[in-house]
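So the chains spell out like this:
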Amino acid sequence: MSDILHFLQQRNSSPKLTDPAPSPQQMEEIFQAAMRAPDHAWLRPWRFITIAGTRREAFGELLEAALVKRNPGADAAAREKARNAPLRAPLLVVTVVTLTEHPKVPPIEQRLSAGCAAHGVLLAAQALGFAGVWRTGDAAFDREVMTGLGLGENEEIVGLLYLGSRLGNPKPLPTLNCADFVSHW
Ligand SMILES: Cc1cc2nc3c(=O)[nH]c(=O)nc-3n(C[C@H](O)[C@H](O)[C@H](O)COP(=O)(O)O)c2cc1C
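Residues numbered from 1 in each chain as written. Predicted model: local features only at pLDDT ≥ 70, side-chain atom pairs only at ≥ 80, totals over all residues. Heavy atoms only, no water.

Participant: I'm lost on helix H2 (residues 24–34) in this one. Help?
Facilitator: All of the buried residues along H2 are Met-27, Ile-30, Phe-31 and Ala-34. For H2, the arc enclosing every buried residue in end-on projection is 100°, short of the 170-degree limit, so these residues lie on one face. Along H2, the residues that are exposed and aim more than 90 degrees away from the buried face are Gln-25, Glu-28 and Glu-29. Turning to H2, the residues buried within the fold contact strand S2 (46–52), strand S3 (91–98), helix H5 (107–127) and strand S5 (155–166). (Buried < 20%, exposed > 50% of the residue type's maximum accessible area, 1.4 Å probe, protein only. Helix = DSSP H or I, 4+ residues; strand = E, 2+ residues; numbered from the N terminus. Arc of directions from axis to C-beta. Contact = heavy atoms within 4.5 Å.)

So, in structure tokens, the structure goes:
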């Protein structure tokens with residue numbers, strides 16, 4: 001089997017991440033790969049916001065404030081969890097879809113393209129020996145969070161990509177039977 005095929009078949013997420021994260025030069029390579037996502041009419045409907053170092057703490061404060069606004073009764077544990085969430089990895093890449101009106105490219109296609117770009121970030125990071133995990137949750141769909149990150153009204157968060165170096169061994173991967181997912185018409 002080709003190395004590339006084997007790599008694609010073994011891709012997996014890592015919930016536990018530590019230093020080092022990809023360097024700015026490596027992130028450039030990663031974004032170049034991600035931006036080869038299929039893209040109807042070449043709209044480039046994605047953009048990426050990196051959050052590293054102490055900015056993760058500022059993002060944690062934004063997540064906590066948004067949580068309290070969504071749920072004024074949030075207890076101390078929930079608030080702490082929200083505040084500390086960005087500290088689970090040395091680097092976050094918020095993948096954003098920028099929706100534009102186009103006669104042939106409906107919003108679903110633009111969201112799918114941006115999702116492919118997010119997948120590309122994870123694949124390229126793993127190709128460079130790093131690891132990551134794609135997360136969302138209520139915060140990712142919260143306009144308060146989006147506004148705090150500088151998103152416009154025509155933009156949405158596709159994923160919060162946590163990147164870094166894998167802590168621990170990769171989990172065993174399930175074997176999926178193609179026959180359960182593939183039919184021939
Ligand atoms: C759109 C999207 C949102 C996700 N959100 C979360 C999340 O909030 N929390 C989480 O633990 N996993 C989330 N996941 C799943 C993980 O990224 C990952 O795919 C899952 O843990 C399975 O691991 P694997 O990718 O190695 O198979 C999300 C995946 C996608 C595609």
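Participant: When you look at the site of the ligand in this model, what are you seeing that I'm missing?
Facilitator: In the vicinity of the ligand, the contacting residues are Arg-11, Asn-12, Ser-13, Val-133, Trp-134, Arg-135, Thr-136, Gly-137 and Lys-171. Contacts to the ligand include Arg-135, whose side-chain N or O atom sits 3.3 Å from an oxygen atom. The contact in question runs from an oxygen atom of the ligand to an N or O atom on the side chain of Lys-171, over 2.6 Å. Taking 620 Å² as the accessible area of the ligand by itself, protein coverage stands at 52%. Looking at the shell around the ligand residue by residue, the class counts come to 2 nonpolar, 4 polar and 3 charged. (Near = heavy atom within 4 Å. Polar contact = N/O pair within 3.5 Å; in protein donor to acceptor, adjacent residues only side chain to side chain. Areas by Shrake-Rupley, 256 points an atom, 1.4 Å probe, with all protein chains shown as cover. Nonpolar A, V, L, I, M, F, W, Y, C, P; charged D, E, K, R; others polar.)

Participant: So what exactly am I meant to see when it comes to the nonpolar core here?
Facilitator: Soluble, globular proteins show a tendency: their nonpolar side chains are buried together. Phe-59, Val-94, Val-145, Leu-149, Ile-157 and Tyr-162 are the most contacted members of the largest nonpolar core, which has 26 residues in total. When residues of this core are traced back to their parent elements, those giving at least two are S2, helix H3 (55–70), S3, strand S4 (131–135), helix H6 (143–148) and S5. A per-element tally of this core places H3 first, with 5 residues. Once residues lying within four places of it in the same chain are set aside, the contact partners of Val-145 are Phe-59, Leu-62, Leu-63, Ala-66, Ala-139 and Ile-157. (Core = buried A, V, L, I, M, F, W, Y, C linked by side-chain atoms within 4.5 Å.)

Participant: I tried to follow the packing of aromatic side chains on my own but got confused; where do I start?
Facilitator: Any pair of aromatic rings gets described here by the distance separating the centres and the angle formed by the planes. Using the criterion set out here, one finds 1 aromatic pair in the structure. Positioned over the ring face of Tyr-162 is Arg-135, at 5.4 Å from the centre of the ring. (Phe/Tyr/Trp six-rings, centres within 6.5 Å; stacked < 30°, edge-to-face > 60°. Lys NZ or Arg CZ within 6 Å of the ring centre and 35° of its normal.)

That is the geometry; function is a separate question.
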